[in-house]
Each structure stands twice: as structure tokens, then as C-alpha cells.
Amino acid sequence: MAETNQPLITLRSVSEQFGPVCALQSIDLHITKGRTTVLIGPSGCGKSTILRLINGLLQPTSGTVEFEGKPVLPANVIELRRRMGYVIQDGGLFPHLTAGDNVVLMARHLGRPTDEIQRRVEELCELTRFPLEGLNRYPVELSGGQRQRVSLMRGLMLKPDVLLLDEPLGALDPMVRSALQTELKSIFQQLKQTIVLVTHDMGEAAYFGDTIVLMKQGRIVQQGSLADLRERPTEPFVREFLNAQRSLAFP
Amino acid sequence: MRTLLLLILIWAGTDLAKAEQAMVGSKVFTESYVLGEIARRAIENAGVTCGHKQGMGGTIILWEALKQGAITAYPDYTGTIREEILKVKKEVTVEELRTELARQGIGMTHELGFNNTYALVMNRQRAGALGIRKISDLRKHPDLRLGLNHEFLRRKDGWEPLARKYELEMKDVRGIDHMLGYTALANGSIDLKEAYSTDAKIAENNLMVLEDNLNFFPAYKAVFLYRLDADPRVIKALKKMEGTINEELMMKLNAEAERTKDYSLAASLYFGEKAQKIAQGRTKQMAGKIAHWTGRHLLLVGVSLLCAIVVGVPLGIWASKPGIVSQIIISSTGLIQTIPALALLALLIPIPFLGINPITAIVALFLYSLLPIVRNTATGLQDIPVPLRESAAALGLEPGAQLRKVFLPMASRAILAGIKTSAIINVGSATLAALIGAGGLGEPIISGLNLNDHATILEGAIPAAVLALLVQFLFDFLDRFLIPKGLRLERTVR
């Protein structure tokens, strides 16, 4: 299994500075192929910054971000982004395009054959359980959950090597959220997709994550399986974080 | 952009093609219109086709137009030529003026026969009550309200030097249009105004001309200025008019023009033709005229707006990016907006290959239209939420494609609103184009203003207002096609 364990994405002592504010301090991180890595931590810990470094929306102040062993640079970033799906809170759908046009925007731009696009859209609708007739609706006409399904389809359209999800369920009400969690998990299992998911919810992290990366104030506190974090915490903060989240879920 | 240039060229070309062999200009007051019309007839009688650009503006605009060849001749006065055009001392003789003008390629006829000097006038009864006869009497009445036309206020032989010479310290001096000033004098909103000594209004309104007891006003003998390279028949026709109009006749012609609101009737009176007015066909003629003005107006608005869109949208895109360039673009287009339209026209005229023609008007309108388009484009783009910007980039769209496929459509409502604002302002501002002889609906407005004739003003003002409304409707209609449906739904759903 050497091949599957090879890291797809590697961050080497990456730091990110926004003016005087230090968002990340010398991060080392490996994203393994075919697995779900969850970045978790209190808000402002830098977890979203890592996603935006991976797809080149941000450039590291120091250190390198590598994709398949090659550094992500402004020169190759556009090409690399087409191999990464990106789904954000509330979907980030373009309001002037229908759901369908949002999904196929990039494929059409790249001049993919129409029948191939059509087939892929039908496949994705089935996968995400999104009704075909809903493709003609505009984002404002969709519910929050449906918008996330469309956003997920858009992210998966080009069969990316990795799917980056930034709080994808953060804006949904608890019922829809729990239903979608279950569906997402089954989708991820079907696709054997490499996933990097950002959340602040420990329950969600535990549910999805093969590897959980716990962060605090711009650095990684501990990474490992849920069992590792629970049984072998490296710092008191790990236990505190886990306990705080559990007491929220089961008061 | 290339088709646009082509359009302008074709238009300029048609202008030239139908252009007459000679063109007379006139300033914006009755006497100038009448003299201009008389000259046009005299030139046509000599066998040269001739047009008349009526009421093109003040002295400097006419002078520049003559030098640039936009017009062949126009009537002016020796005092104005001395003080305003050549800016020489009072002692310089008329012959010396002629030599100096010839050096610049311009000829001057001998006197037409009357002196139309400036004068100060006031209501006869009020003057009697206050015991005012001469200008120096005003020293005792510093509280009288003066309404002087703008040219007189600033002239070298105008108000300020006059006040200095007579040691007047008037407290209330305002600028007002020459013809409107007579109305203001009649209804008592001002006490004193400037006048031309041949103004028909002096006798009509029973006004008193204050005696110039210190001999301040120079002589203003009427003459024609013409280009020395004009057709010899034109020059001969103009010279034939020397010494043929005395003060009495000029006052009569002015009165006739103001009574009938028709300069060509007054001109006919000069030629001794029977003044005939064909009542029939007048409405038809008017409809034709309004259609012609409206067509010209639309052309001015259309071409300038199109240029403004072609230039303004890219500038707005550029200005939407943070940085110093954005600041420069927004503040310089804003700066243009603060220049009064009239001043902008006057500033553009001396620029080579602009001059007195419709292109100058289009350039001015274009500059005025820029700000709303640039600013709305920039704000529309800046208002796109960061998560959506990042989503467009994260998909892997190139920057150009992000702009084309996502950002511009999302900003379309703001951009169209900017274009609509520009178009409506443009319809209004284009009335000023008539001041430099570019035509349009401003033409009847300005002549109406000079004749104090409300009906003529409305001939231009009503179509202009209707046009502004139509433009508004047109854009509201276009919104439905040009703003993507998803954005329009957003408004109704939320």
C-alpha cells in the first residue's frame, strides 16, 4: 500500500503572515491520497488559511506547498486548481447562473464535449440526490441544502484529485446538516476521494476524519486518529477541546 | 472603436458635403442674428450659396470659428475688436486695426453706419424720482441693484473699469442674461442694467439711458469681419452693405425681429421686400425643424455615450482594483464633472482639430458621461462578495474569464445603472452644444432665451424632456434583457 500512502499534498514549514498578524507558524502537513483529513480548531486558528494555501488563493509568506511533489506557484496554479474541487460555506454559487450552469461552467470553458458533460451531470445528480429538473433553477430559488449539493457537484465536475471543503455544512440548520453528513460520508466512500475538510465541530470531525488535525493559534497541536487524540493527548489543550465539544453534544 | 471613428468621419463628411460655399455666424443677441441673416441674403444674392450659424456664442467663440474657417464672416463692433480680440489701446485707429487683422488673415469692412455702444439704462420714473441722469449720479446711490450680462461684467471696457473710472461702489451687482435682464428690470427685481444703444427694448420699455458724462464707453461701430481667403463675391457683397444701416434703421430692424420672433422677416425689411409670412405650413415646418433638431440631438448623445461606454467600462474595471491608479481614475473623472459645461466647451475649443464643431460638443459630452459609468462599474465589481470572487478563482478560471463569465455579469445591474444615469444627464447637457453651433434641441432654447420668447424655448425644452423620459424607459426595458435572470430574481425573492 506504499502507493496510496504517498502524500498528495505536502506543506513544508509554511508560515503565513497577514500584515502584523501571524496566521500560520511553520506548519508541516501531509495530505494522504484517498483519505479524509479533517482540520479542526477554534475560529481563527488558521484552518481555512491552509485550504486557501493549497489551491493558491494565498501565497505562503515562507515555506512551500507541494502538489504531487511539485511546488504550487502562480505559474501553474490555474492548471492545478482544475484538479482541486473547492466547496465553501453556503456554496459560493454564482447568482446569475442556473444551478446547472454553475456546475458545468468550467467544463464548458475548457471545451469538453457536450454529451460527456451531460453524462457527468446526470451521474452527479444521482450521486448527490439532486433532482434533474432543479438544474434550471437559480441559486436564490434553492434551499440551503440544495445549494450545497449543487456546490458539491460543481466541485466534483472535473473529477478532481482532491476535494477541499471549507465548513461545507456550517450554514445549514441541524436537521438538514445531520442528513447531509450521512449522505456526504457515503459519497466520499463511494468515490474513494482525497478530502480535506475544515470544520469547528468535533462530532463532524470524528464522523468524517481518517486523520484529524487539531490546530490552535496558527500551529498544529496534534494529528492522528480520534483514538490517538482521545487516548494520547500531547497537550492539555487537546483534552480540553474534546471535552468542551462533548459537553455541548451531550449536556 | 474603429466603427465608431468611421461613424464620426461619415457624419463629418456628410456635414461637409451639404456645406454651403460660405457660412455666416452670429452672436447670441438679436442684432447679431439680424445682421447675420442680412449678410447671408446679400451673399446669396451675389450668387454664392450661404448658410447662417445662428447664435454660436460670445466674441471669442465667433473669432476662433472665423480663424479656423468654420465660418466665413460675422458681424462685430470696432470697440469689441479693439478691446477683446486684439487687446490694444483705445488710441489705436481703425486703419491700424485693419492692418493688424489682415496679419491674421482676417478682413474688416468699413462701418455699416451705426454705433451700438454699451449704455446703462434704468426705469425712467425711478430715475426721475432718485434724480439720476448721468452715470456719475450713481455714486450717491450705492444700494441700487445691478443686473449685468456676463460678458459685460468681465469685459475690459465693461463693468469693473467703468466702476473704477466713475468711482462707483455698488453693493449689489449680479450676472444675468441680456434679454432676461429686461424682464428683471420691468418687474423691478433689478434697478439698472447694461444695454446696447440700438436695443429695441429701450424705446419699447420707456427706459432712460444714463449719460456717459466721463466718456468711458468706446465707439462700437458695426462692421463685418471676414476671411481674406473668402470668395471675392462674398467680400464684395459684404462691402456693398457699408454705410447702409443707420441707428434708426437698426433699432427698427431689431424691433421687427423681436415683435415677429423671426429674423428673416427683419432681414427682408432691410432689403425692402414685402414681409410675408406664410401662415400655412408653419406647423408642418415646425414639426420638420423639431425632428431635425431631435435627430441631431440623438446623434450627439448617441455617439458620445457610445464612446463613454467603450472607454468607461474598461476604466471602471481598472479602477475597481485597489491601489493608486484607481484613486487617480476616479478622482480625475470626478474632477471633469465639476467643470461647468460651458467652461469645458470653452476650454476644448482652442485645442487643435477640435474647434467650433460638433466633434468638440461630442468630446465634452463624452467627458461628462464618463464618471457615472466608471464609478458604477468600479463599485459594482468591488461589491462582489469575497467568497464568490475566490470561488471563481478556485474553479481554475483565468483572470480574463473570471471577469467575463462571472464578475461583469454580476456587476451588470450597477454598470447599466451608470450608463442610464450618463444617458439622461447627456440628453440634458447636449442642449449646450448649440452654444458652439453643434445644433440639437439647444438651438431653439438659446434663441428663445435671447428673444425672451417662451414658445421658442419650449420648442426645444419639451422634446428634450420627452427624450430624457424615453431614454429612461428604453434602459428600463433593456435591463430585462441585459441583466441576467438570476440577479433579477434575487430582487423579487428577497
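Cut-offs applied
- Residues numbered from 1 in each chain as written.
- Chains lettered and ligands numbered in written order.
- Predicted model: local features only at pLDDT ≥ 70, side-chain atom pairs only at ≥ 80, totals over all residues.
- Heavy atoms only, no water.
- Helix = DSSP H or I, 4+ residues; strand = E, 2+ residues; numbered from the N terminus.
- Buried < 20%, exposed > 50% of the residue type's maximum accessible area, 1.4 Å probe, protein only.
- Contact = heavy atoms within 4.5 Å.
- Areas by Shrake-Rupley, 256 points an atom, 1.4 Å probe, with all protein chains shown as cover.
- Lys, Arg positive; Asp, Glu negative; His and termini not counted.
- Charge placed at Lys NZ, Arg CZ, Asp CG, Glu CD.
- Axes fitted to C-alpha atoms, helices over the stretch in contact; angles between N-to-C directions.
- Parallel < 35°, antiparallel > 145°, perpendicular 65-115°, else oblique.
- Left-handed = near helix turned anticlockwise from the far one by under 90°.
- Nonpolar A, V, L, I, M, F, W, Y, C, P; charged D, E, K, R; others polar.
- Salt bridge = Lys/Arg side-chain N within 4 Å of Asp/Glu carboxyl O.
- Buried area = accessible area lost by both parts, 1.4 Å probe.
- Polar contact = N/O pair within 3.5 Å; in protein donor to acceptor, adjacent residues only side chain to side chain.
- Pairing = 2+ DSSP bridges.
- Phe/Tyr/Trp six-rings, centres within 6.5 Å; stacked < 30°, edge-to-face > 60°.
- Lys NZ or Arg CZ within 6 Å of the ring centre and 35° of its normal.

### Topic: the overall build of chain A
Looking only at helices and strands, chain A features ten helices and ten strands. Once the C-alpha set of chain A is aligned to its principal axes, its extents read approximately 55 × 50 × 40 Å. Taken across its 251 residues, chain A has 53% of its residues classed as buried. Of the contacts made within chain A by residues no fewer than 6 positions apart, 67% connect residues no fewer than 24 positions apart. Accessible surface for chain A amounts to roughly 11,600 Å². Of this, 50% is attributable to carbon and sulfur atoms. Counting 28 positive and 27 negative side-chain charges, chain A places the averaged centre of each group 2 Å from the other.

### Describing the packing of helix α6 (residues 144–156) of chain A against helix α7 (residues 174–191) of chain A
When two helices pack together, their arrangement is given by the angle between the helix axes and by the axis-to-axis distance. All names here are of chain A. Running from N to C, α6 and α7 point in directions that differ by 20 degrees, and their axes come no closer than 11 Å. Viewed along their axes, α6 and α7 adopt a mutual orientation that is roughly parallel. Crossing hand, α6 versus α7: right-handed. Of α7, the residues touching α6 (which contributes G145, Q148, R149, L152 and L156) are V176, L180, E183, L184, I187 and L191. The residue inventory of the contact of α6 with α7, partitioned by class, reads seven nonpolar, two polar and two charged.

### So, the side chain of R81 of chain A
With respect to the helices and strands, the residue R81 of chain A is situated in helix α3 (residues 77–81). Among buried charged residues, R81 of chain A stands out as having no salt bridge; its nearest opposite-charge side chain is E390 of chain B, 8.6 Å away. With near-sequence residues (within four places) excluded, R81 of chain A lies in contact with N55, G56 and L57 of chain A together with A393, A394, L395 and G396 of chain B.

### Let's talk about the environment of V34 of chain B
All names here are of chain B. Turning to its location among the elements, V34 is positioned in helix α2 (residues 30–45). Between the alpha carbons of V34 and R389 there is a distance of 65 Å; along the sequence they are 355 residues apart. Once residues lying within four places of it in the same chain are set aside, the contact partners of V34 are M250, L253, N254, A257, Y263 and A266.

### Points about the interface of chain B and chain A
Accessible area lost on assembly of the parts is the figure often given for the size of an interface. Counting residues at the interface gives 26 residues for chain B and 21 residues for chain A. A buried area of about 2,200 Å², summed over both sides, lies between chain B and chain A, and 69% of it is on carbon and sulfur atoms. When the buried surface of chain B facing chain A is broken down by residue, E390, A394 and L395 of chain B rank first, second and third, together holding 27% of it. The interface formed by chain B and chain A contains two salt bridges. In this structure, the salt-bridge partner of E398 of chain B is R82 of chain A, at a minimum N-O distance of 2.8 Å. Summed over the shared surface of chain B and chain A, the result is seven residue pairs in polar contact (both at pLDDT 80 or more).

### Remarks on the sheet that holds strand β8 (residues 192–196) of chain B
Residues and elements named next belong to chain B. Reading across the sheet, the five strands line up as β7-β6-β8-β5-β9 and stay open at both edges, with mixed pairing between neighbours. Each of the sheet's edge strands pairs with one partner strand only, and the pair in question is β7 (172–175) and β9 (207–209). Here the strands of the sheet are splayed against their neighbours by 35 degrees on average, with no regard to which way each runs. Pairing of strand β5 (residues 118–123) with β9 involves three bridges; the strand directions are antiparallel. Paired with V121 across the bridge in β9 is V209.

### Examining the pairing of strand β10 (residues 222–227) of chain B
Residue and element names in this part refer to chain B. Counted residue by residue, β10 has six buried out of six residues, so it is predominantly covered. Of the two faces of β10, the one lined by A222, F224 and Y226 and the one lined by V223, L225 and R227 are each fully buried. One ladder, built from five bridges, connects strand β3 (residues 73–77) with β10; its direction is antiparallel. Paired with P75 across the two strands is F224, which belongs to β10. Alignment of strand β4 (residues 106–108) against β10, held across three bridges, turns out to be antiparallel. Looking at the pairing, G107 lines up with Y226 of β10.

### Digging into the packing of helix α4 (residues 78–85) of chain B against helix α5 (residues 94–103) of chain B
Residue and element names in this part refer to chain B. Taken N-terminus to C-terminus, the directions of α4 and α5 make an angle of 55 degrees; their axes are 11 Å apart at the nearest point. Classified by the angle their axes make, α4 and α5 are oblique. The element α4 and its partner α5 pack so that their crossing is left-handed. Seen from α4, the contacting residues are T78, I81 and R82; seen from α5, they are V94, L97 and L101. Its residues assigned to classes, the contact of α4 with α5 shows four nonpolar, one polar and one charged.

### Focus on the packing of aromatic side chains
All names here are of chain B. By the definition in use, this model includes 14 aromatic pairs over all chains. Residue placement shows K193 over the ring face of Y182; its charged tip is 4.2 Å from the ring centre. When the ring centre of F407 is taken as origin, the NZ or CZ atom of R389, which lies over that ring, is 5.2 Å away.

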